[in-house]
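# Survey of secondary and tertiary structure
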Amino acid sequence: MRHRFNQWSCTVLVAFAALILVLPAQAQVSTATISGRIVDATGPVPGARVVATNVSSGFSRDTTAGVDGSFRLGGLQPGTYTITVSAEAYREQSQTLQVLLGQESNANFRLAVDAVYAETVTVVGEGTQVLMDTRSPEISTNITQQQIESLPLNNRNFLAFAGLAPGVSFTRDTDGAGQTFTSGAQDAKQVNVFIDGVSYKNDIIKGGAFMQDSSRGNPFPQSAVQEYQVLTQNYKAEYEKATAAVITAVTKSGGNDLSGDVFWFFQDQGLVEQDDFARERGDEKVPFERNQYGLSVGGPILRDRLHFFLSGERNERDRVASVFVGPEWDQAPANVRDFLDDFATGSVAAPFESTLFFAKLSFQPAANQSAEFSYHRRDEDEIRGFGGQRVQQGGENILIGTDAATLRHQFVFGANALNEATVTYQDMSWAQTATDINSPNLNYVNLLNVGGISYIQELAQQRIGIRDDLSFYISRAGSHTLKAGVVASTVNYDFTKSAFLNPVFEFRRDENWQFPFLARVGAGNPSLDFGNNQYGFYVQDDWRMGSLTVSGGVRWDYETNMLNNNWVTPPAVAQGLRTACRTYSQPVGGRTEWCVRDLFDVEEYISDGSNRESPTDLFQPRLGASYDVGGTGRTVVFGGWGIYYDRVTLNDIYDEAYRHQWGQYTICFKQGGVVPANCPATAIEWDPAYLNPGALSQLAQSGAIGNPEVFLLSNDTGVPQSTQWTVGVRQQIGRNWLGALTYANSRSENGLVWSFASVPPGANFDDRWGSWISIPGYGFMMRSYDDRKREYDGLYLTLDRPRTAGSRWGLNFAYTYSEGFQNASLDDGTAFAFDFLPPDFPMFPANGDERHRVMLSGSIGLPLNFEASSIIQLGSGTPVSYAEALTGPFHFHPNGARPAKQSFLGIDEFSYRSVDLRLQWSAPTFSGVRLSLIGEAFNIFDFDNYSGFDTWGGGLNAPNPNFMTPNSEFNSRRFQLGARVAF
């Protein structure tokens, strides 16, 4: 494997070097651009020299205006720049501008004896001008450094501010496992995050990026993030592996002055409101304390040439979980209750620790070159996975880690040409281990679940990648920014999944909880590894012709081993698929005998190691346009259309190989010869010796118990795809406000689900688990379907007044009305669909289908060095599935119910309400040092935000009076205290 890797590496590196030498480049993934025109009273000023100097670092870029007076400065690190324009016989002029990530802003200059004015489409603050690219066809939201540093945020996860963008939702549960963002009625697997132009796509598990599945931590130090852009829809061809929203962030750099800060934020049980249900049960608050602290510092090594930046953050906390006995506790015998009484119930703390580190060197050896090297490390350790009827002994130890290094080089040549090359290394891991692996899991149904966790897994993804982005600027029939880019990566995936390594024993009321009627145990080889090479190429042209801007491009992606292409179906399985049949006592679908081959093309699901080919047709055309109605940039109509491909998550397909090397066995037990209900006649006589995992494993592997399940992956599995189109209008209001109204449409397909493989047509849905056809030596069969679909329609209304360093206040408003639908599976995190008989998967409201959503944020400077900020979040609520038998037959309604609406300012449309506040006081600066004291309140009015609803509608004309009654609450009011010392 090392030999193959070296061969591949040499080939790609040679190609990479050739691209750098041959073509100029420019990309907007991690940079910004300023373009414009220089004129005087009579017309263009050709040959004028334009210099952009970063106020912080002193790094500069320069160019010369063309014959028509136009200029372009690309590849700029987002930040504040002094733009200086000089020409012979004219007085030198300059102004200070703030440029934002991912935007191409237009700044026109007019040289005169005593004036320079900006004819740009801008939103002007009281101080530095903020250039806003109103002519972009993308739906994007810039999250500025001022917002990141001043808005209230409970957990310092910079991704949380993505929720300020219309059409994007971030996990709202303050203490919930999993902090991810979603958009377009899709799940979190379909997003992507870029940091300094490098993708942090997670290819293995749900979460989309950073191995964020079930993580409560921050994937990246907030103090290292300068700003980022949320691309909700219609992003350009330079972005890969996403069919939903994309986030692109840029990190901070050191400057010519040594600066930094130290911060500390604190919470304890006295600052956290106990939820209503815990208070009603009489639960006592457990000791709780959380400390978030860190340091960042940056400065010069060589002034105007070489700078450093360092950031480190630490998060230590105990999460509160409630453990309580089940509803049948009073009916359990005394010996069982005496045994379970030894386990702690009530409010129990779960420790969490996270350490984040980021370092960066920035170097500009000459005006036409710059280089950066950065390193990022993440270590996260948490005990969780208990609560309800599961005691702390059954908790999970979640370990998440990242090691990532990036080297970037920019080279400017010619009048307007730039090459940006990037080499990166990433090692991301996610592990779910046990806090107690030596105690079997004993599940006393409706009483307590005690003993260790049964499922152990360790997942790792290592990537070495190179990227080169190419562009040059030309003036012909308007102005063109022509771009081309290539990315190539070699990736290794390591899986270890030990399902039921620690066996599970089920006790229930039917046997008076005296012996386990059922056990589950696993045995075999739990490890898998995959190798994969990924390639991408795009071309893009941004063409501006007066008031019209057209952005067109196409992207192509290819992976050598997305679907475990070398897999060989075991001969016994292949033979069984071709020959297995079943005779039914009653006709099914008009026949008494069905064979597997009658139901589907079995050859499509048999792989010989060479007939499963990676798709080569992943071409993604993308087109956008905008029109400046009055030619002043105040009113702009825009729209776009595009095709986007993601990838199949490896966690969704690993069972195909895994089930043949790691057996998962279900064993039924009897006592005194009496076979328990729902168990086969072959049930084993119970012996307490089976509580020993080794004895149970030997019993399972003896051949007397069960057969392995079969997962059949189609050789022609499609790649997840979305088609998006948008239309909207942006309007500058006065000098300081920018509004937009946008319609967004997304249709997604080719999502993968697993469902019944061999149920004959016409089989009774209620008997779908008993009418399937099996093959000799194997158990239940599942096969893949790439029929998962999503539909989304959204209407976005935004209004923004950016706050700059010199302005007193800023405000951002985003309202989203949307309708989202999905089919096949209710669970976004897994790929199983058993609620419907395939392939007839009906559409139903999507899990994230929140019809109304309001986000309002802002900050204001107050007298006496005080500053206040707030985030108001309102949502009409996401749907809940329910079942009922009111007219006799059982009916299941996927996402058919919604939480009760509550009022906010007299509007009865919201089931989620939260008002977060932050107040900061800063002492006068002394010797360059400034102390700030911070107080934050989250959900300050303690609005009730419920979950865990009773989803039984009732039966036989007897409605359930508790239908949709909640049994849990999240995001209760909490306060936080903090301090920051800046220097």
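Per chain, residue numbering runs from 1 following the sequence as it is written. Predicted model: local features are reported for residues with pLDDT of at least 70 only, side-chain atom pairs are reported and counted for 80 or more only, and whole-chain, interface and lining totals are derived from all residues. With hydrogens and water excluded, all non-hydrogen atoms of the structure serve as input to the side-chain values.

## Digging into the overall build of the protein chain
Helix and strand definitions here come from DSSP, where helices need a minimum of 4 consecutive H or I residues and strands a minimum of 2 consecutive E residues; each element is numbered from the N-terminal end. Along the protein chain, the regular secondary structure elements total eight helices and 57 strands. Put simply, the radius of gyration uses C-alpha atoms, and a globule should come to 2.2 Å times the residue count raised to 0.38. Relative to the compact-globule value of 30 Å for 983 residues, the protein chain shows a C-alpha radius of gyration of 30 Å, a close match. By its C-alpha atoms, the protein chain is 105 × 60 × 55 Å across when sized along the principal axes. Relative accessibility under 20% of the residue-type maximum defines a buried residue, over 50% an exposed one, and the middle range a partly exposed one, all with a 1.4 Å probe and only protein chains included. The 983 residues of the protein chain split such that 59% are buried.

## Thoughts on the pairing of strand 37 (residues 662-670)
On any regular strand, side chains alternate: one points to one face of the sheet, the next to the other face. Within strand 37, seven of the nine residues are buried, leaving the element largely enclosed by the surrounding structure. Looking at chain direction, strand 30 (residues 518-524) and strand 37 are connected through seven bridges and run antiparallel. Among the inter-strand pairings, L518 is bridged to a residue of strand 37, identified as C668. The pairing criterion is simple: DSSP has to find at least two bridges between the two strands. By the bridge criterion, two bridges tie strand 37 to strand 38 (residues 684-685) in an arrangement that is parallel. For F669, the partnering residue across the bridge sits in strand 38 and is I684.

## A closer look at the pattern of salt bridges
A pairing counts as a salt bridge when a side-chain nitrogen of Lys or Arg comes within 4 Å of a carboxyl oxygen of Asp or Glu. With the rule as written, the count across this model stands at 44 salt bridges. We note a salt bridge from D203 to K241, for which the minimum N-O separation is 4.0 Å. One end of the pair, D203, is in the loop between strand 15 (198-199) and strand 16 (225-233); the other, K241, is in the loop between strand 16 and strand 17 (246-251), and 38 residues separate them in sequence. Residue D203 shares its accessibility class with K241, and that shared class is buried. R555 is the salt-bridge partner of D557, the closest N and O atoms lying 3.0 Å from each other. Overlapping salt bridges bring together D203, K241, R463, E559 and R647 as one network.

## What about the side chain of T742?
Note on placement: T742 falls in strand 41 (residues 737-756). A relative accessible area of 5% places T742 in the buried class. Excluding residues within four positions of it along the chain, T742 makes contact with I139, F638, V727, G728, G794, L795 and Y796. The contact definition used throughout considers only heavy atoms, calling two residues in contact when any of these lie within 4.5 Å.

## Some remarks on a nonpolar patch on the surface
In this analysis, a patch consists of residues with relative accessible area above 30% that form no salt bridge, clustered at 9 Å for like charges and at 5 Å for the nonpolar side chains Val, Leu, Ile, Met, Phe, Trp and Tyr. Per-residue and other accessible areas were derived by the Shrake-Rupley procedure at a 1.4 Å probe size, with only the shown protein chains allowed to occlude residues. Taken together, the side chains of L258, V262, L295, V929, L931, L933, V981 and F983 define a hydrophobic patch exposed on the protein surface, amounting to about 620 Å² of accessible area. Counting through the fold element by element, L258 comes out in the loop between strand 17 and strand 18 (259-268).

## Quick look at the packing of aromatic side chains
Each aromatic pair joins two rings of Phe, Tyr and Trp (for Trp, the six-membered one) with centres within 6.5 Å, and gets the label stacked for planes under 30 degrees apart, edge-to-face for over 60, and tilted for any other angle. Taken as a whole and judged by the stated rule, the model has 45 aromatic pairs. Measuring from ring centre to ring centre gives 6.4 Å for F357 and Y375, while their planes differ by 55°; the resulting arrangement is tilted. Of this pair, F357 sits in strand 21 (residues 346-366) while Y375 sits in strand 22 (residues 369-384), placing them 18 residues apart in sequence. The class of Y375 is partly exposed, set by a relative accessible area of 27%. A network of ring pairs unites the aromatic residues F711, W754, F756, W769, W772, F780, F832 and F834 as a single cluster. Two conditions define a charge located above a ring, namely a distance within 6 Å from the ring centre to NZ of Lys or CZ of Arg, and an angle within 35 degrees of the ring normal. Geometry around F352 places R317 over its ring, the cationic atom sitting 5.2 Å from the centre.

## Focus: the state of the cysteines
Two cysteine sulfur atoms form a disulfide, by the criterion used here, when they sit within 2.5 Å. Scanning the entire structure with this criterion turns up two disulfides. The disulfide partner of C668 is C679, and the gap between their sulfur atoms is 2.2 Å. Across the disulfide from C668 to C679, rotation about the S-S bond amounts to roughly -70°, and the bridge is consequently left-handed. One end of the pair, C668, is in strand 37; the other, C679, is in the loop between strand 37 and strand 38, with eleven residues separating them in the sequence.

## Digging into unusual backbone geometry
Excluding glycine, residues mostly carry a negative phi; peptide bonds, for their part, are mostly trans. Cis geometry is found at the peptide bond from P838 to P839, where omega equals 0°. Along the polypeptide, P839 turns up in the loop between strand 43 (809-823) and strand 44 (843-845). Phi at D196 takes a positive value of approximately 50°, unusual for a residue other than glycine. Residue class for D196 comes out buried when judged on its relative accessible area of 4%.

## Quick look at the nonpolar core
Core analysis: the largest hydrophobic core is formed by 95 residues, its most contacted members being F161, F181, Y228, F495 and V596. At four residues, strand 28 (residues 479-499) tops the list of elements feeding residues into this core. With sequence-adjacent residues up to four places away left out, F181 is seen in contact with L159, A162, V168, S169, F170, A188, V191, N192, V193, A245 and I247. Think of a nonpolar core as a cluster: buried Ala, Val, Leu, Ile, Met, Phe, Trp, Tyr and Cys residues, connected wherever their side-chain atoms sit within 4.5 Å. Core analysis: the second largest hydrophobic core is formed by 32 residues, L442, L448, A519 and V521 among them.

## Description of the side chain of R980
Along the polypeptide, R980 turns up in strand 57 (residues 974-982). For R980, a relative accessible area of 15% gives the class buried. Definition of a polar contact: a pair of N or O atoms within 3.5 Å, with one able to donate and the other able to accept a hydrogen when the atoms are protein atoms, and with sequence-neighbouring residues admitted only if both atoms are side-chain atoms. A polar contact is formed between the side chain of R980 and the side chain of D261, at a distance of 3.1 Å. When residues no more than four places from it in sequence are discounted, the contact partners of R980 are E149, R156, D261, V262, F263, F265, R918, Q920, R930, L931, S932 and I934.

## Overview of the sheet that holds strand 16
Reading across from one edge, 11-16-17-14-15 is the order of the five strands in this open sheet, with mixed pairing throughout. Single-partner strands in this sheet number two, and they are strand 11 (139-143) and strand 15. The sheet contact formed by strand 16 and strand 17 spans six bridges and is antiparallel. Paired with V230 across the strands is I247, a residue of strand 17.

## Things to note about the environment of I733
Within the secondary structure, I733 sits in strand 40 (residues 721-733). Along the sequence, I733 and T635 sit 98 residues apart, while their C-alpha atoms lie 9.3 Å from each other. Apart from the residues within four sequence positions on either side, I733 is in contact with R634 and L799.

## A short note on helix 5 (residues 571-579)
Among all positions in helix 5, only V573, A574, G576 and L577 are buried. The arc that holds the buried residues of helix 5, viewed along the axis, is 165°, so those residues lie on one side. Here, the arc refers to the directions that run from the helix axis to the C-beta atoms.

## Focus: the sheet that holds strand 47 (residues 880-885)
Two strands in a sheet stick together by hydrogen bonds in their backbones, pointing the same way (parallel) or opposite ways (antiparallel). Pairing is mixed in the open sheet, where four strands are placed in the order 48-47-54-55. In this open sheet, the two edge strands, each paired with only one partner strand, are strand 48 (891-897) and strand 55 (958-959).

## Examining the environment of D381
Tracing the backbone through its elements, the reader meets D381 in strand 22. Owing to a relative accessible area of 33%, D381 belongs among the partly exposed residues under this scheme. D381 sits 29 residues away from F352 along the chain, and the two C-alpha atoms are 5.9 Å apart. Setting aside residues no more than four positions away along its own chain, D381 makes contact with P351, F352, E353, N397, I398 and L399. Within the local environment of D381, its side chain forms a polar contact with the side chain of N397, the two groups lying 2.8 Å apart.

## What to know about the confidence of the model for the protein chain
Segments scoring low in pLDDT should not have their predicted coordinates read at a detailed level. Averaged over every residue, the pLDDT of the protein chain is 88; residues scoring 70 or more account for 93%. Per-residue confidence from the predictor is reported as pLDDT, which spans 0 to 100. Counting interchain partners and residues more than four positions distant, the pLDDT-below-50 stretch residues 1-27 has 54 contacts. This model gives residues 113-127 a pLDDT under 50, and the stretch forms 52 contacts once residues within four places in sequence are excluded.

## Here's the deal with the environment of P219
Of note, P219 is situated in the loop between strand 15 and strand 16. A residue is classified by how much of its surface remains accessible, and P219, at 0% relative accessible area, is buried. With 603 residues separating them in the primary sequence, P219 and Q822 have C-alpha atoms 29 Å apart. Apart from the residues within four sequence positions on either side, P219 is in contact with N157, L159, F210, Q212, L356, H376 and R378.

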